[in-house]
Amino acid sequence: MLGPLTVWTTAGDVVQVPGAKVRALLAVLLIAQGRPVSADRLAEDLWGDRPPSNPGAALAVKVSQLRRVLEDAEAGGKALVVSGPAGYALRSDEVDALRFVALTEKSGRTDAILTEALELWRGSAYADFVDESFAGPAIARLAEQRLTALEDRAQARLAMGQDAALVGELSDLLAEHPLRERLRAAHMRALYRSGRQTEALDSFQELQERLAEDLGLDPSPELSDLRQAILTQDAGLEAPRSSGNLPAPLGELIGRDDAIARIQARLATDRLVTLTGPGGVGKTRLAVQIAGELVKRFTGGGWLVELAGYHQTCSDALADVVMNALSVRDTSGDTQRSVDRLAAALRERELLLVLDNCEHVIDEAAELVDAVLRAAPGVRVLATSREPLALPGEVVWNVPPLENASAVRLFAARAAAASRDFALDEENAGPVAVLCRRLDGIPLALELAATRVPALGVQGLVARLDDRFRLLATGHRGSPPRQQTLMAMIDWSWELLSEPERLVLRRLAVHPDGCTVEAARAVADLPEDEILELLGRLVDRSMVVAVHGPYGPRYRMLESVAAYCQDRLADAAELPALRARQQRYYVALAEKADPLLRGPDQREWLERLDDEAANFRGALDGAVADQHGEMAVRLATALTWYWFLRGRLTEAKRFLRTALSVADDPVAFAWYTGFSLLQGQEGDVEEALGQLKGQPRLRWFLVSSQTAGSPGGASLAEAMAGLEADGDWWGTAAALLTRAKFAHVRGDLDAIKRDATRASRLFADLGDRWGQLQANEWLAALAELVGDHRRAARLHQEALPIAQDLGLWPDVATRLGWLSWISMQTGDFPQAIEFGGRALRLATEQNSLLGQIMARTGLAYAGRKSGDFALAELHLNQLLDQARDEGTPIYLSMVLVELGFLAEQRGEAAASRALHLEALELAEKMDAPRDTAWALEGLAGALAIAGEQTAAAQVLGAAAAARTAAAMPAAPAELMDVDRITALAREALGDKAFEEAFEAGRELTPAQARQLA
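The shown structure was predicted, so the numbers you read here are calculated from the model rather than taken from an experiment. (Residues numbered from 1 in each chain as written. Predicted model: local features only at pLDDT ≥ 70, side-chain atom pairs only at ≥ 80, totals over all residues. Heavy atoms only, no water.)

Engineer: So what about the pattern of salt bridges? Which residues, and what values?
Structural biologist: The full count for this structure, using the stated rule, is 67 salt bridges. With its nearest N and O atoms 3.0 Å apart, the salt bridge here joins Arg568 to Asp571. With a gap of 3 residues between them, Arg568 and Asp571 both fall in helix 25 (residues 559–572), about one helical turn apart. On the basis of relative accessibility, which here comes to 18%, the residue Arg568 falls in the buried class. In this structure, Arg815 and Asp811 form a salt bridge, with 3.7 Å as the shortest nitrogen-oxygen distance. Of the two residues, Arg815 and Asp811 are both situated in helix 40 (residues 809–825); the distance of 4 residues between them amounts to about one turn of the helix. Side by side, Arg815 and Asp811 carry an identical accessibility label, which is buried. A cluster of three or more residues bridged by salt bridges with shared partners is formed by Glu495, Glu499, Arg502, Arg506, Arg507 and Glu574. (Salt bridge = Lys/Arg side-chain N within 4 Å of Asp/Glu carboxyl O. Helix = DSSP H or I, 4+ residues; strand = E, 2+ residues; numbered from the N terminus. Buried < 20%, exposed > 50% of the residue type's maximum accessible area, 1.4 Å probe, protein only.)

So this is what it looks like as structure tokens:
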């Protein structure tokens, strides 16, 4: 709109809008700004007094053409033009005129904002509709708004001292609009401040003559007063400027670009911004950089007042320091307070005041800043402190440590400056990243470390980080004393704390990864109201970081601060007592959480325990070091179900193994055995079961964990009986799911449905979403068995977001594996490979053996059936290696069958026959009817390519009979193999002989069919 009417796509491409009437229609709708325009009004604006014979129909055609143009340009574009009873409207916020108005109406309009608004103009508004009556009011309105914006920008630039540059711009504008008094006033001021007093007076004279000649009026009193001020050279017209005393930066400020831009934006609208953060994080450097870039916007310049060396006990003494830095002289002998004299001296000045290191004089600094901001509206204050000033209107900007990428850049730059031989490369990139992370991304610590590179190298630095305070004990001579060593940096903050604050801070150090209020209270051994107050004060002083989450805040320390506090703990001889309280608290937390992981609060407690992972490790290490075997075992066993749900089986085993190193415990041993089995490793189930007394739920877990050999039906029945006798309905539901899994192997459709349905109801009653997911899995597996692939896929798709919401990523991988399998079964091989790839990546990341098996199975089958034999062979060989390591897992027959089909399609009859015979033997041992049918179908293929066509037809008949008996029809992808083998045999035998052999085969048992091969 702000120029010739132009339409762009979101990608920035110009859209051609053909037809004068269609363009006019678009213009009318844009002028209405989203309001509906009646059909009659539109027809009048488009055709005037020469309407078509049927205006409504003609208008509808133009609307349709406009919609088509918008839709062709970008999908969904036609929806921008809407119609209703009131007429037509164009609904879009992406209009340059609307953006222009929004920017010009924004509070705190700066030169940058106004320039951004004015740069939207490409010429006169609606330049190609200037002669149309419907556009006249809009053109006039926008033109006036543009002139007002130009006047506002001129005032902003005058305030910034851009006088000379303004003269030419304003002269051009006055040539077009000679009677605009705001423009004239700005022009006169710009000329005067540029040393052109006579021309400023001539500008007034020109206006005076034009007003008298054209309108018979005189200039306004304000403009006349300005003329008089110019004649008398009033000092108020001057724009006194000073650059201030900001130091020049010594080098590039790395990793703070976003912070600089956002803080500058806040200073454009807010008068007090305080940068907070821990010592060494770079608050001063950031403040000086920001002030240096902003100084030209302030006629009084930018002034840095360094407070770290002053320890005044009153605000007046501090005001004297500020006045001295600003060269404010007071010779009047006035008895006013220094704070009031400073405020009065700054009342008419426009400057940026940087108060650095306010934390040790926080109350005095707050009083001073409050007085200055109330008295001097042209003053902005940028403060740095380890705690806020706590004043009304204060914007607190916490300066975080550098992100690791920026920290690496900073360290590399400083190390290269210290050692010309240093360069970041593949060999040292890993150690540098570790160093930066261990030093918390604190710029001061990184710069201190970089000075040691010439002597120690990066590897030497990393190896010595446990003694970081001695390592980083030498810094730059030009730095303040508090910033010359890492110890001095933290000492400075420590000395500013009260004794109760120091007590809490050092006691927090026993928590390796932060803690909740409850944990801090329990371990610090203080009342809740007292610990809350002290934690809040430590957060305010930037010694502790509060991270707010859905279950309340967690309190964390930087690693260097924690290491410092560990030394203070040793000095106070508190560590043994604190470690004992730490163990008691985290054991109690784990034991409280364990039953809650099996009910409606499952997600909450999974996430709570996620947050405490490092603290649990710390508690376990402490229990082992103190030889508290009972504590170690209680903690490890209480966390077992959490680890299972999260799929962190290796961590579970490590905890249990550590606990078992200080105490023999049959429960911990049984859990360890079960987790080993789940990872496809050896485990003595009989020994573990034999050591247990009762424990039916743990007995169930051991049986359920077995992946090799035939399912342990007897042991499961024993566990089930114990669970039902105990009234353990969660355990009963879990055992029912295991029974459904075993029934799936046997192809017992009724048992799968019965047990999975009952388990689903029990888990729903208990509110356990994980259990409902597992029941859903076996009901979906049942649907897949009977050929209802649509239902099976739907059930798995419904389960995915639930598993993702709970963070059960191994389960997500398994569901993706199922979807891969179902897609393969229905013949959608590209989709199967896509699902399988996602499943394999996630399962590998999660170290989920079951997920990897599911994913590789789907990929292998889809690869072979789609003709990608290399993909199939890759995954089948990996599955075979895994299966051989486990013994005889239940999926081994499936792997052998697919390898057999692969050999058959390559013409390797003997290899195919051997593989299918082995698969058939395993399937019969497991009483797995579908696996039996697969093996028979594959065996028929091996016989067919070997020339034994009659036997092939008979074995095909036996396979069909096995499927009918089990009520498991062949899926579309399975029929591809059956049809291919059938065609081979039928072609060789002829239809009649084939049918006779096939029907004869239907009377054979699988064992009898095997004898034919």
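Engineer: I'd like a description of a nonpolar patch on the surface, backed by residues and values.
Structural biologist: Together, Leu179, Leu215 and Leu217 make up a nonpolar patch on the protein surface, roughly 260 Å² of accessible area in all. Note that Leu215 resides in the loop between helix 9 (197–214) and helix 10 (221–231). (Patch = residues over 30% accessible without salt bridge, like charges linked within 9 Å, V, L, I, M, F, W, Y side chains within 5 Å. Areas by Shrake-Rupley, 256 points an atom, 1.4 Å probe, with all protein chains shown as cover.)

Engineer: Break down the packing of helix 34 (residues 696–704) against helix 36 (residues 729–746) for me, with residues and values.
Structural biologist: Between helix 34 and helix 36, whose axes approach to 10 Å, the crossing angle comes to 20°. Taken as axis vectors, helix 34 and helix 36 run roughly parallel relative to one another. Remark: the crossing between helix 34 and helix 36 carries left-handed chirality. Packed against helix 34, whose contacting residues are Arg697, Trp700, Val703 and Ser704, the element helix 36 presents Trp730, Gly731, Ala734, Ala735, Thr738, Lys741 and Phe742 at the interface. Split into classes, the residues belonging to the contact of helix 34 with helix 36 amount to 6 nonpolar, 3 polar and 2 charged. (Axes fitted to C-alpha atoms, helices over the stretch in contact; angles between N-to-C directions. Parallel < 35°, antiparallel > 145°, perpendicular 65-115°, else oblique. Left-handed = near helix turned anticlockwise from the far one by under 90°. Contact = heavy atoms within 4.5 Å. Nonpolar A, V, L, I, M, F, W, Y, C, P; charged D, E, K, R; others polar.)

Engineer: Lay out the packing of helix 23 (residues 517–524) against helix 24 (residues 528–540) with the relevant residues and their values.
Structural biologist: One can describe the packing of helix 23 onto helix 24 by two numbers: an axis separation of 10 Å at closest approach and a directional angle of 110°. Considered as vectors, helix 23 and helix 24 are oriented roughly perpendicular to each other. The element helix 23 and its partner helix 24 pack so that their crossing is right-handed. Between helix 23 and helix 24, the contacting residues are Val517, Ala520, Arg521 and Ala524 on the first element and Glu528, Ile531, Leu532 and Leu535 on the second. Looking at the contact of helix 23 with helix 24, its residues break down into 6 nonpolar, no polar and 2 charged.

Engineer: Please provide a residue-by-residue account of the nonpolar core, values included.
Structural biologist: Residues Ile263, Leu382, Phe411 and Trp700 are the most contacted members of the largest nonpolar core, which totals 221 residues. Beyond its immediate stretch of four places on either side in the chain, Leu382 contacts Ile263, Leu267, Val273, Leu275, Ala287, Ile290, Leu352, Leu353, Val354 and Leu355. Val17, Leu150, Leu166 and Leu170 belong to the second-largest nonpolar core, a separate cluster that totals 73 residues. (Core = buried A, V, L, I, M, F, W, Y, C linked by side-chain atoms within 4.5 Å.)

Engineer: Describe in detail the sheet that holds strand 10 (residues 515–516), supporting the description with residues and values.
Structural biologist: Picture the strands of a sheet paired through backbone hydrogen bonds; they go either parallel or antiparallel. Across the sheet, which stays open at both edges, the 3 strands sit in the order 10-12-11 with antiparallel pairing between neighbours. A single partner strand is all that each edge strand has here, and the edge strands are strand 10 and strand 11 (545–549). One ladder, built from 2 bridges, connects strand 10 with strand 12 (residues 552–556); its direction is antiparallel. In the strand pairing of strand 12, Cys515 is matched with Tyr555. (Pairing = 2+ DSSP bridges.)

Engineer: Please set out empty space enclosed by the protein residue by residue, giving values where relevant.
Structural biologist: Across all of its chains, the model carries 5 cavities of 30 Å³ or more by this definition. The calculated volume of the second largest cavity comes to roughly 90 Å³. By residue number, the principal contributor to the lining of the second largest cavity is helix 21 (residues 486–495), which donates 3 residues. (1 Å grid on protein atoms, 1.4 Å probe; cavity = no way out; pocket = protein on both sides within 12 Å on 5 of 7 lines; lining within 4 Å. Points joined across faces, edges and corners; volume = space filled by probe spheres on them.)

Engineer: So what's going on with the UniProt feature "domain: OmpR/PhoB-type" (unreviewed entry) in the chain? Residues and values would help.
Structural biologist: The UniProt record marks residues 1–92 with the feature "domain: OmpR/PhoB-type" (unreviewed entry), using the residue numbering of this structure. As annotated, residues 1–92 has a helix share of 43% and a strand share of 13%, and its two end C-alpha atoms lie 13 Å apart. (UniProt positions renumbered as here; feature names shortened; annotations may be inferred.)

Engineer: Kindly report on the side chain of Arg856, identifying the contributing residues and their values.
Structural biologist: Its location among the elements puts Arg856 in helix 42 (residues 849–865). Within the buried set, Arg856 has no salt-bridge partner at all; the shortest N-O distance to an opposite charge, 9.6 Å, is to Asp881. Separated by 2.9 Å, the side chains of Arg856 and His875 make a polar contact. Among all residues touching Arg856, those that are not within four sequence positions of it are Leu840, His875, Gln878 and Leu879. (Lys, Arg positive; Asp, Glu negative; His and termini not counted. Polar contact = N/O pair within 3.5 Å; in protein donor to acceptor, adjacent residues only side chain to side chain.)

Engineer: A description of a negative patch on the surface should follow, citing residues and the corresponding values.
Structural biologist: A cluster of acidic residues, Glu518, Glu528, Asp529 and Glu530, forms a negative patch at the surface. Looking at the negative patch, the element that brings in the most residues is helix 24, giving 3 residues. Within the element layout of this structure, Asp529 appears in helix 24. (Charge placed at Lys NZ, Arg CZ, Asp CG, Glu CD.)

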